Amino acid sequence: MKLIFTCFLCVFSYAAFAQQHGKVTIIKDPLIDSIIGKRLELNKKVVAPTVKRSGPVVAQVGFRVQIFYGSNRKETFQEQARFKSYYPKLNTYITYKEPNYYLRVGDFRTRLEAQRLMNELRPLFPTLFIFREKINAPILEENYD
């Protein structure tokens, strides 16, 4: 009798605590899809490459000029667009180190080249610094004179 009661109790408890597979319904605002679409569209415009390289990208230690830093992402991209309107051929790099975004420009082999750009940018951008970091080596122009 005890065995039958124990078996009955086990079967009943298994059925009572068994999980049923259900259906998940996601409820979201339709504006989320439009916002995601707009963000993707903006990223395509901002991240478009300006200089096409032929050959491999070689990294080396060089210098870049930091023209902007701040905690507002939108403001950082606006400054990048403003810089690109003045110097469309120079590469720009945005990095995020919590809590700030840093906008650095150029791939200079020497500090002197970076200093020249910094002197040109001084009237346009108030806070300028030169940083030594890994750069993408610029393509050298060959001169056969």
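Check the entry above for the structure.
Since this is a predicted model, take the numbers as computed values, not measurements. Residue positions are counted from 1 within each chain, in the order its sequence is given. This being a predicted model, a pLDDT of at least 70 is required before a residue's local features are given, and a value of 80 or more before pairs of side-chain atoms are given or counted; all residues contribute to the totals for chains, interfaces and linings. The side-chain values count all of the structure's non-hydrogen atoms but skip hydrogen atoms and water molecules.

Caption draft 1: Representation of the side chain of Glu 133. Its location among the elements puts Glu 133 in strand β4 (residues 129-136). A residue is classified by how much of its surface remains accessible, and Glu 133, at 19% relative accessible area, is buried. Contacts described as polar in this section are N or O atom pairs within 3.5 Å, which, within protein, must combine one atom able to donate a hydrogen with one able to accept it, while residues neighboring in sequence count only if both atoms come from side chains. Reaching out from Glu 133, the side chain makes a polar contact with the side chain of Arg 64 at a distance of 2.7 Å. With residues up to four places along the chain from it excluded, the contact list for Glu 133 reads Gln 60, Val 61, Gly 62, Phe 63, Arg 64 and Arg 104. The helix and strand labels rest on DSSP assignments: H or I over at least four residues marks a helix, E over at least two residues marks a strand, and numbering proceeds from the N terminus. Per-residue accessibility, obtained with a 1.4 Å probe over protein chains only, is compared with the maximum for each type, and a residue is labelled buried under 20%, exposed over 50%, and partly exposed between these values. Contacts between residues were defined by any pair of non-hydrogen atoms, one from each residue, lying within 4.5 Å.

Caption draft 2: Representation of the nonpolar core within the structure. What is meant by a nonpolar core is a set of buried Ala, Val, Leu, Ile, Met, Phe, Trp, Tyr and Cys residues, joined one to another through side-chain atoms within 4.5 Å. Residues Val 65, Ile 67, Phe 83, Leu 117, Leu 121 and Leu 128 are the most contacted members of the largest nonpolar core, which totals 16 residues. Mapped onto this core, the elements with two or more residues apiece are β1 (59-70), β3 (100-108) and α4 (111-121). Here Phe 83 is in contact with Ile 67, Leu 90, Thr 92, Val 105, Leu 121 and Phe 125, once residues within four sequence places are set aside.

Caption draft 3: Region of the structure containing the sheet that holds strand β2 (residues 92-97). The strand order β2-β3-β1-β4 describes an open sheet built from 4 strands, whose pairing is antiparallel. The strands lining the two open edges of the sheet, one partner per strand, are β2 and β4. Strand-to-strand twist in this sheet, taken as the mean axis angle between neighbours without regard to direction, amounts to 40 degrees. Structural elements are reduced to axes, namely lines fitted to C-alpha atoms, with helices fitted over the stretch in contact, and the angle between N-to-C directions of any two is expressed from 0 to 180 degrees. Strand contacts of α4: β1, β3 and β4, with the helix running at about 20 degrees to β1, the strand carrying the most contacts. Strand pairing is defined by DSSP finding a minimum of two bridges between the two strands.

Caption draft 4: Examining the pairing of β1 more closely. Looking at chain direction, β1 and β4 are connected through 8 bridges and run antiparallel. Bridged to Val 65 within β4 is Ile 130. Pairing geometry for β1 and β3, over 6 bridges, is antiparallel. Residue pairing in the sheet places Phe 63 in a bridge with Phe 108 of β3.

Caption draft 5: Summary view of helix α3 (residues 73-86). Expected helix span is given by 1.5 Å per residue-to-residue step, counting one fewer step than there are residues. Over its 14 residues, α3 extends 21 Å from the first C-alpha to the last, a length consistent with the 20 Å expected when each residue adds 1.5 Å. The set of residues buried in α3 consists of Thr 76, Glu 79, Gln 80, Phe 83 and Lys 84. All buried residues of α3 lie within an arc of 140 degrees about the axis, which places them on one face of the element. Away from its buried face by more than 90 degrees, α3 exposes Lys 74 and Ser 85. Looking at where α3 begins, the residue whose side-chain oxygen comes 3.1 Å from the main-chain nitrogen of Lys 74 is Asn 72. Throughout, the arc means the angular range of directions from the helix axis out to the C-beta atoms.

Caption draft 6: Highlighting the pattern of salt bridges. A pairing counts as a salt bridge when a side-chain nitrogen of Lys or Arg comes within 4 Å of a carboxyl oxygen of Asp or Glu. Applying the stated criterion across every chain yields a total of 5 salt bridges. Among the ionic pairs, Asp 107 bridges to Arg 64, the shortest N-O distance being 3.0 Å. Residue Asp 107 is located in strand β3, and its partner Arg 64 is located in strand β1; the two are separated by 43 residues in the primary sequence. Since its relative accessible area comes to 12%, Asp 107 is described here as buried. Among the residues examined, Arg 64 registers a relative accessible area of 7% and is labelled buried. A salt bridge links Glu 133 to Arg 64, with the nearest nitrogen and oxygen atoms 2.7 Å apart.

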